[in-house]
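Tertiary structure, described
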Amino acid sequence: MLPLLTPAHLDRDFDYLIPPGYDAVAQPGVRVRVRFAGRLVDGYLLARLDRSAHEGTLRPLERVVSPEQVLTPEIERLVRAVAARYAGTRADVLRLAIPPRHARTEGKSAAAQPDPAAVESAPAPPNSADGEPSAPNTAPTDDVERSAELPARTRDSPAGRHDSPAPPHRSSHTAQSAEREPGGAGGDTDETEAGEPVAQQPSPPVDEAAWSRYTHGRAFRAALRAQRSPRAAWQALPGENWPRRLAELAATTDATGHGTLILVPDQRDLDRVLAECRELVGDRVVGLAAGLGPSARYRRWLAALRGTATVVVGTRSAVFAPVRDLALIAIWDDGDDTFAEPRAPYPHAREVAMLRVHETGAAFVAAGFARTAEIQAVVDSGWAHDLVADRAVVREHAPHISAPGDTDIALERDPVARAVRIPGVAFAAARAALKEGAPVLVQVPRRGYVPALACARCRTPARCRRCNGPLALPEHAGDGAHSPACRWCGSTEAAFRCPVCAARALRAVVIGAARTAEELGRAFPDVPIRGSGGGTVLDTVEPGPQVVVATVGAEPRVRGGYGVGLLLDGWALLTRADLRATEDTLRRWTAAAALVRPHGRVIVMADPGVPTVQALVRWDPVGHARAELAARAEVGFPPAVRLAAVDGTGASVAELLAATVLPDGVQVLGPVPLPESARPPSAAAGSAPVERILLRVPRSDGAALARALTAAQAVRSTQRSDAPLRVQIDPVDIG
């Protein structure tokens, strides 16, 4: 069994004696409690053996917490793979993969479970749709042996991944009933009832014309229907009803009697996909999100475990959902930073999904309006293939996108078009759209009023004298004269003086959404101005003449699309000191531009000579991803290489490096101060300054680097070192 212990050197299996009273319920995958070093700890029973290699006396299990086999063989293999990939421990991964037990929920479901003796005495049921006989109350190890006799799906491995995947797990739990629970995050009121496992369903209604717009779109669906496990990078067309398309893929898989897992960034996207899936699949769909209460989340997780829910739609942690007979994993907008887990061992949902696809042989779809360099890398390797539309189809569905001053004629008409925040061409386009009764979308990178200030003379950023935090004008500053305040400690700076040139005047570095809405309200006095962002995010707005000012990621949808989209302050997104700044900027721009109706107009306020701006104008996210991947390969950054970031005090970093036997060819970069955008390790509050070093190796040596760091952390934990330290493999925020 595996006890859930924090020290890295205790990440190994331990043998315990099963008392006779627990012989029937102590099956592989159940939760147990054992005594370890004099205290009771939780753990999972991994396997049962006739004899132990341990020559001493074995301690008995204290108790079996629940007879529910929550750790399936497939998830157990995935947990091992994720821990090895990210230099972590299985205990940390299991805390992410399996939600806490809710005894009342599990007890109610268990009360409706058929009597095992009655099931055993009943005649054998006929074979299921995929040719596998159903065997209630059989240990998962028997199912793994049976699954080896089934035809295996194609398991081509991407570069740097495991070469010997195991067969997919076929769960053997008897179907159990689950009580409906009203409420839940996102208005998710319908709950899948736990009944008999779902048999093969009739073919669902699918918009074939929508898929025919993509090259190989119909062929992809045919391969999915034939269970040939296709893998694709799907670039959705502007204005595409992508929740419906993902639901159609899920319904196609569900019709074959297999399961689907769909990952989305946030609750807004989850609600949309969940509604579409329920329309096509029915009540065999559940949603998993952090906003659910413990009871609702555990009930839905159990529905997936027992096979009564064949489609799971969820956010980051749902990538570990125990979907039975998993045949498809789809992820929407994998570049969103919410897919990066902030808890150890800091896995990324996209990488975990691809590991799981490799382990199970399921199909895979990475979808979005933009494309990340990581997905482009697997496309270039041949592991996945493009699912894109022809350029003529893209031009038919995309709005007209331009940048101010992009031609000599435009500059001649408005010489200051590139210098002002909202040029005349943008105001003219907005007026024309409002006159036609169409709404106008204005995207602003920052919320607030004036979130950043600088010295008006020397342009030095204005900082607080107490904590050195950035000064800003509060959101109610438009009501009258107000002094700037610190965004960190809240102190008011009534008498600012620049520490460089001693000037007292301040200027705005960037304008927030609140100030933008105020300015547009003066420009269009008879038009409603709506805001979306921060604590007030609108999902939809009604059609009609109005101006919607939204921060990035908070743009509401409108029926029929916006007439004009204005993307302000492009420089604020493009000039961020971040490896993924240009990639993330294009992702946010395309998401907003996709809300504009075909043949509408999008104006991006940025230098038209920047390659990212040109990629938006041409609507060419694939070409931009290729260029981004080539640029990272040239300078040696992920995904072209494997990178490990080690954060901690100088002493703790040196201690880890001293215990690490690094593979040949590793490059050590640093140490440098921890970037301001990165949060320090949890134990670093009030301690010495935190530093960061980067360890860089070729992708082929990534597994060796992870093993070396795992071993070094185990050595360090045996020494009981409590200095703050954090190890991240391929972190999203490099600095």
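Refer to the structure printed above.
In this report, we go over the structure that sits alongside the text. These figures come from a predicted structure and were not determined experimentally.

Parameters at a glance
Residues numbered from 1 in each chain as written. Predicted model: local features only at pLDDT ≥ 70, side-chain atom pairs only at ≥ 80, totals over all residues. Heavy atoms only, no water. Axes fitted to C-alpha atoms, helices over the stretch in contact; angles between N-to-C directions. Helix = DSSP H or I, 4+ residues; strand = E, 2+ residues; numbered from the N terminus. Left-handed = near helix turned anticlockwise from the far one by under 90°. Contact = heavy atoms within 4.5 Å. Nonpolar A, V, L, I, M, F, W, Y, C, P; charged D, E, K, R; others polar. Core = buried A, V, L, I, M, F, W, Y, C linked by side-chain atoms within 4.5 Å. Buried < 20%, exposed > 50% of the residue type's maximum accessible area, 1.4 Å probe, protein only. Salt bridge = Lys/Arg side-chain N within 4 Å of Asp/Glu carboxyl O. Pairing = 2+ DSSP bridges.

Comments concerning the packing of helix α21 (residues 650-659) against helix α22 (residues 702-718)
In contact at an axis separation of 8 Å, α21 and α22 are set at 115° when each is read in the N-to-C sense. Crossing angle aside, the handedness with which α21 passes α22 is right-handed. Residues Ser652, Glu655, Leu656 and Ala659 of α21 form the contact with α22, whose participating residues are Leu709, Ala712, Gln713, Val715 and Arg716. Along the lines of polarity and charge, the residues of the contact of α21 with α22 split into five nonpolar, two polar and two charged.

With respect to the nonpolar core
Counting 68 residues, the largest nonpolar core has Leu261, Leu263, Phe320, Phe364 and Leu709 as its most contacted members. Those residues within four positions of Leu261 in sequence are excluded, and the remaining contacts are Val312, Ala318, Val319, Ala321, Val323, Leu326, Leu328, Ile329, Ala330 and Arg356. Among the nonpolar cores identified, the runner-up in size contains 64 residues, and Phe220, Trp332, Val548 and Tyr562 belong to it.

Quick word on the environment of Leu568
Among the secondary structure elements, Leu568 is positioned in the loop between β22 (562-567) and α17 (570-574). Taking the C-alpha atoms as reference, Leu568 lies 7.4 Å from Ile422; in sequence the two are 146 residues apart. For Leu568, the contacting residues outside a window of four places in its chain are Arg421, Ile422, Val442, Gln443, Val444, Pro445, Thr516 and Met605.

Considerations on the pattern of salt bridges
Enumeration according to the criterion identifies 45 salt bridges in this entry. One salt bridge in this structure joins Asp92 and Arg95, with 3.0 Å as the shortest N-O distance. Of the two residues, Asp92 and Arg95 are both situated in helix α2 (residues 90-97); the distance of three residues between them amounts to about one turn of the helix. Residue classification places Arg95 among the partly exposed residues on the basis of a relative accessible area of 38%. The shortest N-O distance in the salt bridge between Glu248 and Arg245 comes to 3.0 Å. Of this pair, Glu248 and Arg245 both sit in helix α8 (residues 242-255), three residues apart, roughly one helical turn. The pair formed by Glu248 and Arg245 is uniform in burial state, with each residue classed as buried. Residues joined in a network through salt bridges with shared partners are Arg85, Asp334, Arg350, Glu351, Arg642 and Asp730.

Some points on the sheet that holds strand β23 (residues 596-604)
The strand order across the open sheet formed by six strands is β12-β23-β22-β13-β20-β18, and the pairing between neighbours is parallel. A single partner strand is all that each edge strand has here, and the edge strands are β12 (400-402) and β18 (529-532). Each neighbouring strand pair of the sheet contributes to a mean axis angle of 15°, computed without reference to strand direction. Bridge analysis of β18 against strand β20 (residues 547-551) gives four bridges, and the strand direction is parallel. Within β20, the residue paired with Gly531 across the bridge is Val549. Set on the sheet, helix α19 (residues 611-618) makes contact with β12, β22 and β23; between it and β12 the angle comes to about 165°.

Side note on unusual backbone geometry
Note on backbone geometry: most residues besides glycine have negative phi, and most peptide bonds are trans. Residue Pro639 is reached from Pro638 by a cis peptide bond, and omega for that bond is 10°. Relative to the assigned elements, Pro639 resides in the loop between α20 (621-635) and β24 (641-648). Backbone geometry places His216, a non-glycine residue, at a positive phi of 65°. Mapped onto the elements of the fold, His216 is located in the loop between α6 (208-212) and α7 (217-225).

Some words on the sheet that holds strand β8 (residues 311-314)
The seven strands lie next to each other as β7-β8-β6-β9-β10-β5-β11, forming an open sheet whose pairing is parallel. Each edge of the open sheet carries a strand with a single partner, namely β7 (285-288) and β11 (385-387). Taking each pair of neighbouring strands and ignoring which way they run, the sheet shows an average axis angle of 20°. As judged from the five bridges shared by strand β6 (residues 259-263) and strand β9 (residues 326-332), these two strands associate in the parallel manner. Each bridged residue has a counterpart across the sheet, and for Ile262 the counterpart in β9 is Ala330. Along the sheet, helix α10 (residues 294-306) makes contact with β7 and β8, crossing β7 at roughly 135°.

Geometry only, nothing functional implied.
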